[in-house]
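Structural overview for review
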Amino acid sequence: MLLIAFYIAIAAEAMTAALAAGRRNMDWFGVCLIACVTALGGGTLRDILLDHYPLSWVENPYLLLEVCAAALITIPLARLVDRLRWPFLLLDALGLVVFTVIGCNIGIEAGVHPIIVIVAGMVTGTAGGILRDVLCNDVPLIFQGELYATVSMVAGVVYYLGLLWALPGDLMVIVAIVVGFALRVLALVFRWEMPKFVYDRDMRK
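These notes cover the structure that comes with them. (Residues numbered from 1 in each chain as written. Predicted model: local features only at pLDDT ≥ 70, side-chain atom pairs only at ≥ 80, totals over all residues. Heavy atoms only, no water.)

1. Some points on the overall build of the protein chain
In terms of regular secondary structure, the protein chain is built from nine helices and zero strands. Mapped in sequence order, the helices and strands of the protein chain form the string α-α-α-α-α-α-α-α-α. In terms of C-alpha radius of gyration, the protein chain reaches 17 Å, essentially the compact-globule figure of 17 Å for 205 residues. Counting only residues that meet the buried cut, the protein chain has 43% of its 205 residues in that class. (Helix = DSSP H or I, 4+ residues; strand = E, 2+ residues; numbered from the N terminus. Rg over C-alpha atoms; globule rule 2.2 N^0.38 Å. Buried < 20%, exposed > 50% of the residue type's maximum accessible area, 1.4 Å probe, protein only.)

2. A look at the pattern of salt bridges
Under the criterion given, the structure shown has six salt bridges. In this structure, Arg23 engages Asp82 in a salt bridge whose closest nitrogen and oxygen atoms are separated by 3.2 Å. Here Arg23, found in helix H1 (residues 2-23), pairs with Asp82, found in helix H5 (residues 78-83); they are 59 residues apart in sequence, far enough to count as distant. Among the salt bridges present, the one from Arg24 reaches Asp138, with a minimum N-O distance of 2.5 Å. Taken together, the residues Arg24 in the loop between H1 and helix H2 (28-49) and Asp138 in the loop between helix H7 (114-135) and helix H8 (149-164) connect sequence positions 114 residues apart. The class of Asp138 is partly exposed, set by a relative accessible area of 36%. (Salt bridge = Lys/Arg side-chain N within 4 Å of Asp/Glu carboxyl O.)

3. What about the environment of Arg24?
Exposure remark for Arg24: the relative accessible area of 40% places this residue in the partly exposed category. A sequence separation of 113 residues divides Arg24 from Asn137, and the C-alpha atoms of the two residues are 8.9 Å apart. In terms of polar contacts, Arg24 uses its side chain to reach the backbone carbonyl oxygen of Cys136, at 2.8 Å. (Polar contact = N/O pair within 3.5 Å; in protein donor to acceptor, adjacent residues only side chain to side chain.)

4. Things to note about the state of the cysteines
A full pass over the atoms with the stated rule returns zero disulfides. Considering cysteine sulfurs only, Cys68 is the nearest to Cys32, which forms no disulfide, with 4.2 Å between them. By relative accessible area, Cys32 is classed as buried at 13%. Between Cys36, a cysteine without a disulfide, and Cys68, which holds the nearest cysteine sulfur, the sulfur-to-sulfur distance is 3.8 Å. The class for Cys36 is buried, based on a relative accessible area of 16%. (Disulfide = S-S within 2.5 Å.)

5. Things to note about the packing of aromatic side chains
In this structure the tally under the stated criterion is three aromatic pairs. Centroid distance Phe6 to Tyr7: 5.5 Å. Interplanar angle 70°. Geometry classified as edge-to-face. Using a relative accessible area of 16% as the deciding quantity, one classes Phe6 as buried. Residue Tyr7 is classed as partly exposed on the basis of its relative accessible area, which comes to 30%. On the basis of an interplanar angle of 75° and a centroid distance of 5.8 Å, the ring pair of Phe6 and Phe99 is categorised as edge-to-face. Separated by 93 residues along the polypeptide, Phe6 in helix H1 and Phe99 in helix H6 (residues 85-110) bring together distant segments of the chain. Each residue in the set Phe6, Tyr7 and Phe99 is aromatic and connected to the rest through ring pairs, giving one cluster. (Phe/Tyr/Trp six-rings, centres within 6.5 Å; stacked < 30°, edge-to-face > 60°.)

6. Section: the nonpolar core
In terms of nonpolar packing, the biggest core is built from 41 residues, with Ile10, Val67 and Tyr159 touching the most fellow members. Contributions of two or more residues to this core are made by H1, H2, helix H4 (62-74), H6, H7, H8 and helix H9 (169-190). At 14 residues, H1 tops the list of elements feeding residues into this core. Those residues in contact with Val67, other than ones at most four positions away along the chain, are Ile10, Ala14, Ala35, Cys36, Ala39 and Leu40. Leu147, Tyr148, Val151 and Ala187 belong to the second-largest nonpolar core, a separate cluster that totals six residues. (Core = buried A, V, L, I, M, F, W, Y, C linked by side-chain atoms within 4.5 Å. Contact = heavy atoms within 4.5 Å.)

What follows is the structure, encoded as structure tokens:
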């Protein structure tokens, strides 16, 4: 189940990244590059930080083919994909939690501190989107109040604590996905945001 959700999430991330590249008038190579960075960048950064090799897409090069294919398919279907906003938001929410759980598993396998396990999950779930926005010359969405990294952290904590309490791994995968997915959807529906720090040097007491 986790593997199937992973491949679906990879394709969805690639398609939304292709739209972001199209809004910046990038050529087809740029579209594929942005898609790869978005879909695979979080896992790549996690593996580098944890010294976990080979990288996922090096071990399984077909991931690159899937990402590029999804990105290129998006080009002629851009108007249709752009209209399917909510389905892709839901797939993105699913992908966020799935990537988080996978990242936590890699952290656990690496034998790192529990805090780093959670960080590994967050990096896997969020770093790709940050890299996409930076390359597209945008302020990353998760720095603009989006309840995104927080959702990843909550899902990672729920998953890790369940394993720590010796609950079945398959059960905790389902619980973490349900909790994280529900929290992300609620944040989207009710527009929950993180508090923002607004500083103006001309402000006076």
